[in-house]
Amino acid sequence: MLSERLKTIADLIPYEETMADIGTDHGFLPVYLIETGRSPNAIATDISEGSLQKAIDLAKGKKLDNMLSTRRGDGLDVIGKAEVDNVIIAGMGGILISDILGKDIEKAKSFKRLILQPRSKIGFLRKWLRDHNFTIERETLVKELDKICEIIVAIPYEEFHDEFPFSIVNSSNKYTLEYLETHLKKNTMILDTIIREKSTTKKVLQIEDRIRHISNLIELYKAERREHEH
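Within each chain, residue numbers correspond to sequence positions counted from 1 in written order. Totals for whole chains, interfaces and linings use every residue, but because this is a predicted model, local features are given only for residues with pLDDT of at least 70 and side-chain atom pairs only at 80 or more, for both listing and counting. Neither water nor hydrogens contribute to the side-chain values; these are computed over all heavy atoms in the structure.

Any chance you could break down the overall build of the protein for me, citing the residues and the numbers?
The helix and strand labels rest on DSSP assignments: H or I over at least four residues marks a helix, E over at least two residues marks a strand, and numbering proceeds from the N terminus. Across its full length, the protein carries 10 helices and seven strands. The globule rule is 2.2 Å times the number of residues to the power 0.38, and the radius of gyration it is compared with is taken over C-alpha atoms. Over its C-alpha trace the protein gives a radius of gyration of 19 Å, about what one expects of a compact globule, namely 17 Å for 230 residues. Oriented by its inertia axes, the alpha-carbon framework of the protein measures out at about 55 × 40 × 35 Å. Looking at the 230 residues of the protein, the share that counts as buried comes to 43%. Throughout, exposure labels follow a simple rule: accessible area from a 1.4 Å probe, protein chains only, divided by the maximum for the residue type, with under 20% read as buried, over 50% as exposed, and the rest as partly exposed.

Next up, the structure:
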């Protein structure tokens, strides 16, 4: 049974996406994601051999060890560029998290999503993300024992984030969904046209990224509405 903090982090990972848990400790999060079918496979890393062994034992006990990769090492050193969709760094200080990401910025930006739960210096971490061209996709709060923890979801900055910022969802009203769906349809038509015209691969990828971003905004909007309904 996951703690509320880890369950909240787990729920931020889209279904069928891979993940790496940096500083996994007991391996509760990656094993849960595999066990529930949310992630097809996962990587658990830790600098401590003892902690990593706990994750190995947990996976073996659930007969999931063939789906969990365990790696001993520091930060992102043992993860390849773009090897997973989501990187989770939770339960560390904000300065340490920024140091881990800053050791190889290119690698940090190769992942689709960073899910970060700092124990301290969250303002420092937010500024670091902004200064290094990451966009904060969403934030949420969760309580663990007597402490309220902040969880940040950050993605690499793209120019179309200025055209369709996350504030559209954060400050949504009755026109938000119609606006996003209109632009999704428009960009889908543009993509079909440039594919037929055999446009450059770069242009195709740019439009595909924009479509994914708008689709993500729509999913975020719907998720926010479901939360408000409950």
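How would you sum up the pairing of strand 6 (residues 134-144)? Please name residues and give values.
A strand pair is defined by DSSP finding two or more bridges across the two strands. In this sheet, strand 7 (residues 147-156) lies alongside strand 6 in antiparallel orientation, the contact comprising 10 bridges. Bridged to V142 within strand 7 is C149. Here strand 6 folds back onto strand 7, and the loop between the two strands holds two residues, one of which, L145, carries a positive phi near 55 degrees.

I'd like to hear about helix 4 (residues 94-102), residue by residue, with values.
Of all the residues in helix 4, the buried ones are G94, I97, S98, I100 and L101. The buried side chains of helix 4 occupy one side of the element, clustering within an arc of 160 degrees when seen end-on. Note: the arc covers the axis-to-C-beta directions of the helix.

Any chance you could break down the environment of D104 for me, citing the residues and the numbers?
Examined against the element boundaries, D104 turns out to sit in the loop between helix 4 and helix 5 (105-108). When the C-alpha positions of D104 and L76 are compared, they lie 8.1 Å apart, and in sequence the two are 28 residues distant.

Please set out the pairing of strand 3 (residues 68-72) residue by residue, giving values where relevant.
Pairing of strand 2 (residues 42-46) with strand 3 involves five bridges; the strand directions are parallel. Its bridge partner lying in strand 3, I43 is registered against S69. The crossover handedness rule: strands pointing away from the viewer, path from first strand over the helix to second strand clockwise, crossover right-handed. In this region the chain leaves strand 2, passes through helix 3 (residues 49-61) and returns to the parallel neighbour strand 3; the handedness of that crossover is right-handed.

Give a description of the side chain of S39 that names residues and reports values.
Assignment of secondary structure puts S39 in the loop between helix 2 (28-35) and strand 2. Classification of S39 as buried rests on a relative accessible area of 1%. Pairs of N or O atoms are called polar contacts if they sit within 3.5 Å, as long as, within protein, a hydrogen donor faces a hydrogen acceptor (for residues adjacent in sequence, only side-chain-to-side-chain pairs). At a separation of 2.8 Å, a polar atom in the side chain of S39 contacts the main-chain carbonyl oxygen of E17.

How would you sum up the pattern of salt bridges? Please name residues and give values.
Side-chain pairs of opposite charge can arise where the charged atoms are in close proximity. Definition used for salt bridges: Asp or Glu carboxyl oxygen within 4 Å of a side-chain nitrogen of Lys or Arg. In this structure the tally under the stated criterion is 17 salt bridges. The shortest N-O distance in the salt bridge between E49 and R72 comes to 3.3 Å. Of this pair, E49 sits in helix 3 while R72 is found in strand 3, placing the two residues 23 residues apart along the sequence. Linking R119 and E144 is a salt bridge whose minimum nitrogen-to-oxygen distance equals 3.2 Å. A residue pair is termed long-range when its members are at least 10 positions apart, and R119 in the loop between strand 5 (113-118) and helix 6 (122-131) and E144 in strand 6 qualify at 25 residues. The network of salt bridges with common partners includes E17, D85, K112, R113 and E137.

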